[in-house]
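Inside the fold
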Amino acid sequence: MRYHGAVIRPPSEASSLIVQVTYGCSNDTCDFCGTYLDKPFAVRPFGEVVDDVTALPATVRQRVQRVFLADGDALALSPRKLGDILDLLRRALPNLERVSSYANARNLLAKSVAELSELRRGGLELLYLGLESGDDQTLADIHKGMTVAEQIEGCRLATEAGLELSVTAILGLAGTARSLEHGRATGAALSAIDPRFIGILTLMLTPGTAMERRVASGELVLPDSIGMLRELREIVAGTEVTHCTFRSNHASNYLPVGGELPRDKAAMLAALEKVLRAPASVQLRPESWRLL
Ligand code: SF4
């Protein structure tokens, strides 16, 4: 399998075969994101994908149960191209159980429910979508390029098509100025989306990004670790979902909090309240241990 440039995938796809079908991200505008600064968006020629998948040894092809389509938003591809890729994977990988990908609202909104349902029938099962914030002002400030309403609607189309969603939001994006608004609005947006999985990350400044420059210039002041946890409490308190696995155990976070919602909501809030009341009672992840 050949890869072009740095390739990332969600932590939960660690055992998946990564198949690169696009390069970069078609929405390369987010101030905090440095993942594809050196890799402009492009569609990988389908013939190359075919060559890579069919060249895998038969023993490897037998073992593959999960595939993750890279890079930043394979859903930028047309339904026809995605359908061809799913056909290829089903034919070449006899024990394939799940295909997943990053997605963004713009790419979902460009497809109909019927088209998304066809992809679901073809084996696409799980989409990872970066909501980042449920606060429109924050989304505009970080140049996400999409509104909250667009993101909720894109997710609604995916859900209606039977696709599962794993939605992430990022603590700290709004700085201290809109910290609690960001937290509350994010809880409300997550409730409207009602995804199967929620992941909360904490902002890490990537060199070369606009966000790093805004913080260095003093334009944006980030919450401290306790401020980040206050935001997290607002998100948890405001998230009303049907059945969702909620995790804030990513290496960027100061404190792992998680559980099944709604079942564990009270326990998660109690754990956060305890830390907020007595920060010294809990060992938070040291700044130098935090990772993207
Ligand atoms: S955060 Fe996601 S949508 Fe934004 S630039 Fe990075 S990969 Fe693209």
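As a reminder, the structure under discussion sits directly above these lines.
Residues numbered from 1 in each chain as written. Predicted model: local features only at pLDDT ≥ 70, side-chain atom pairs only at ≥ 80, totals over all residues. Heavy atoms only, no water.

Glancing now at the site of the ligand. Around the ligand sit Cys25, Asn27, Asp28, Thr29, Cys30, Phe32, Cys33, Tyr36, Glu132 and Lys144, and that is every residue in its neighbourhood. Class assignment for the residues of the shell around the ligand results in 5 nonpolar, 2 polar and 3 charged. (Near = heavy atom within 4 Å. Nonpolar A, V, L, I, M, F, W, Y, C, P; charged D, E, K, R; others polar.)

With that settled, the discussion passes to helix H3 (residues 79-92). Helix length check: H3, at 14 residues, gives a terminal C-alpha distance of 20 Å against a target of 20 Å (1.5 Å per residue), a fit within 8%. Listed in full, the buried residues belonging to H3 are Leu82, Gly83, Ile85, Leu86, Leu88, Leu89 and Ala92. (Helix = DSSP H or I, 4+ residues; strand = E, 2+ residues; numbered from the N terminus. Expected span 1.5 Å × (residues − 1). Buried < 20%, exposed > 50% of the residue type's maximum accessible area, 1.4 Å probe, protein only.)

What follows concerns the packing of aromatic side chains. In total, this model carries 3 aromatic pairs according to the counting rule given. Summarising the aromatic geometry, the rings of tyrosine 102 and tyrosine 128 are spaced 6.2 Å apart at their centres and angled 70° between planes, so their arrangement reads as edge-to-face. Pair noted here: tyrosine 102 is in strand E5 (residues 98-103) and tyrosine 128 is in strand E6 (residues 124-132), with a separation of 26 residues, a long-range link. Classification of tyrosine 102 by relative accessible area gives buried; the value is 18%. Ring-pair connections join several aromatic residues into one group, and the members of that group are Phe68, Tyr102 and Tyr128. (Phe/Tyr/Trp six-rings, centres within 6.5 Å; stacked < 30°, edge-to-face > 60°.)

Nothing here speaks to function; it is all geometry.
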